[in-house]
Amino acid sequence: MIKRQYSIEELEKIANEIRQDIIKMLVEAGSGHSAGPLGMADVFCALYFAVMNHDPKNPAWEERDRLILSNGHICPVRYATMARAGYFPLKELMTLRKFGSRLQGHPEREKLPGVETTSGPLGSGLSQAAGMAYVGKYIDKTRWRVYCAMSDAEQESGQIWEAAMFAGKNRLDNLTAIIDRNNIQIDGCTEDVMPLEPLKAKYEAFNWHVLEIDGHNLEQIIDACNQAKAIHQKPTIIIAQTIPGKGVSYMENDFKWHGVPPGISDIPGEPPKNQQVKIALKELRTLHGKIVSEHE
Amino acid sequence: MAKLFQNMSNSKAHLAEKIFEKDIEKIPTRNGYGEGLVEAGEKDKRILVLCADLSESTRSEYFQKKFPERFVEVGVAEQNMASLAAGMALAGKVPFISSYAAFSPGRNNEQIRTTVALNNANVKIAGAHAGISVGPDGATHQALEDIALMRVLPNMRVIVPCDAIEAKKATVAAAAIEGPVYLRFAREKTPLFTTLQTPFQFGRAEIFLQGKDATIIACGPVLYEALLAAHLLEKQGVSVEVLNSHTVKPLDKKTILQSVSKTKAVVTVEEHQIAGGLGGAVAELLSRECPVPVECIGVQDRFGESGSPDELMDAFGLTHPHIIKAVKKVLKRKV
């Protein structure tokens, strides 16, 4: 179990390392999603290093908090965070999407201990999280909590709202869901593809406690998760405003980077492909030029 | 029990004494599901039962009355139900999800594929009102493809009980299996032709009648029609072996191949599309391991429709006269 208390500065440093891991993994894999994983690095860092009770050396520990990743395609961020937390060696990250790897293109519970469920097809994570939370609250009366990370675009699927209704009806106050509100999806901006707003009002109407935060502010992420623990008789949803591609200037807020890694193709308006990886890693390493001592 | 039939009947099968008498008791297989849930629920506190607004007609209400704290009503939301159950299974429970087969595993097929089968989650799926014998409700509610949908999923097992007694045994057996199971039940009252003594073991086909000229392999309540056909054929001097292949996946290859290598002619019988159903499964097996003529009784690539169950079963060619014809046809094809 991770017992150490990390300072915000330390957490920020870990989140930055996770972002660099993500870029390196995607480059090595030659395919995969860039924008979502980079955008959720702070949330995952906060969950694994400051919020959840879990034990990297004993992934099946009964008393652990459960994290369901509903939008499985952002799994590089989960893998990188798990490796940083000590679930498996960092070098295994380089097997992402390769034949025989435990790090499947979309996460599989049967392959990698610590991945609570298999996901990829959007919209079914909240149901599974609610099923676990129901068992925790009503059947086994346990102390562990359930977290569910979702994308914003998957709020377009009907099953999410079936699950939202169920969690509201059953007052699953041991369930905290986090929406990656980055406003993009494969075909464009969410509000053009299928408007989601007013998202807060929708969840409130389904009997949820709703918090809106800056998804890159580690203090806010941790505070919101702690506040959720204090809410009784309602599940909590944290709408985390995030920047897709966060940390790599040319990827930020650009839906073209939803499903492609850097360094694979020349994209109009983007840096040439042989420069993409270099720029991304340098920006992350130097915190966008704040560290000036680095020379190449 | 008719004398001729008694001679053919496998004494170890312990079939009902009154098997071909007019006053044989009739009960829907779904009742056996409800009773099985109660029995399994008494033994195993991990069992939860989920229902999508059909507690009376799926008979999950039997469990609800006994164990209200372990019954979960999810409303008209079959997709949510499948994934909720997956989450519950991953948290150590043994959830049964109950609905009509047209909706579960029909509507929620992807949720079952990913969150139940690929996760290898310990979820049991009970599809009630399967087949055309649903009757007047019509094609929308007559699941004819559910066996096929479930049979192609890795990790999934498929059981189709033939009467309410077997349905209860199958439900109890499913609860004891670690991993996903699909159980198929019917709406209509059908004959109770097995007994408490009739053996039931998951994955093992039972020889209900012994014969030498042809093998009928059947599952579900239409197995009764197969027995009736065999009984009438015996009077005409044709000796038919009848297998109860309640477990469609995994098929009991050993029993089937033993019988078929003896009779060298096969008729499959089911209340489901032939494509992807028991007929498909048996044909796949025999084409590889023991190629012999096969005739399939089942629904032939069409949807159901409204009507009385008896009318429909006859119109779709699923009753004993059709089975008799199929046996005669397969005998002509025998080399």
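Before reading further, recall that the structure is shown in the block above.
Residues numbered from 1 in each chain as written. Chains lettered and ligands numbered in written order. Predicted model: local features only at pLDDT ≥ 70, side-chain atom pairs only at ≥ 80, totals over all residues. Heavy atoms only, no water.

(A) Examining the environment of Val193 of chain A more closely. Residue and element names in this part refer to chain A. Within the element layout of this structure, Val193 appears in helix H7 (residues 190-193). A relative accessible area of 31% means that Val193 is categorised as partly exposed. As a C-alpha pair, Val193 and Glu156 span 37 residues in sequence and 9.6 Å in three-dimensional space. Each residue touching Val193, except ones within four places of it in the same chain, is listed here: Glu156, Gln185, Asp187 and Gly188. (Helix = DSSP H or I, 4+ residues; strand = E, 2+ residues; numbered from the N terminus. Buried < 20%, exposed > 50% of the residue type's maximum accessible area, 1.4 Å probe, protein only. Contact = heavy atoms within 4.5 Å.)

(B) Summary view of the interface of chain B and chain A. Counting from both sides, the interface comprises 25 residues of chain B and, opposite them, 23 residues of chain A. Of the roughly 2,000 Å² buried where chain B meets chain A, counting both sides, 60% is carbon and sulfur surface. On the chain B side of the interface with chain A, the three residues burying the most area are Asn80, Leu90 and Asn119 of chain B, jointly 24% of the side's total. Put simply, Asp140 of chain A and Lys93 of chain B hold a salt bridge, and the shortest N to O gap is 2.7 Å. Viewed at the interface, chain A and chain B are joined by 11 residue pairs in polar contact (both at pLDDT 80 or more). Take the side of chain B that touches chain A: its biggest share by element is 9 residues, from helix H4 (residues 78-90) of chain B. (Buried area = accessible area lost by both parts, 1.4 Å probe. Salt bridge = Lys/Arg side-chain N within 4 Å of Asp/Glu carboxyl O. Polar contact = N/O pair within 3.5 Å; in protein donor to acceptor, adjacent residues only side chain to side chain.)

(C) Layout of the sheet that holds strand S6 (residues 157-159) of chain B. All names here are of chain B. Sheet architecture is open: 7 strands sit in the order S3-S2-S4-S5-S7-S6-S12, paired in mixed fashion. One side of each edge strand has no neighbouring strand; the edge strands of this open sheet are strand S3 (71-73) and strand S12 (247-249). Here the strands of the sheet are splayed against their neighbours by 20 degrees on average, with no regard to which way each runs. As judged from the 3 bridges shared by strand S2 (residues 47-51) and S3, these two strands associate in the parallel manner. Bridge pairing in S3 links Cys51 to Glu73. (Pairing = 2+ DSSP bridges. Axes fitted to C-alpha atoms, helices over the stretch in contact; angles between N-to-C directions.)

(D) Broad picture of the packing of aromatic side chains. Scanning the entire structure with this criterion turns up 14 aromatic pairs over all chains. Where Tyr250 of chain A meets Trp257 of chain A, the ring centres are 5.4 Å apart and the plane angle is 65 degrees; that geometry is what we call edge-to-face. Both residues of the pair, Tyr250 of chain A and Trp257 of chain A, count as buried. One aromatic cluster is present, formed by Trp161, Tyr203, Phe206 and Trp208 of chain A through successive ring pairs. Residue placement shows Arg70 of chain B over the ring face of Phe67 of chain B; its charged tip is 4.4 Å from the ring centre. Positioned above the aromatic ring of Phe316 of chain B is the side chain of Arg302 of chain B, whose terminal nitrogen or guanidinium carbon lies 3.8 Å from the ring centre. (Phe/Tyr/Trp six-rings, centres within 6.5 Å; stacked < 30°, edge-to-face > 60°. Lys NZ or Arg CZ within 6 Å of the ring centre and 35° of its normal.)

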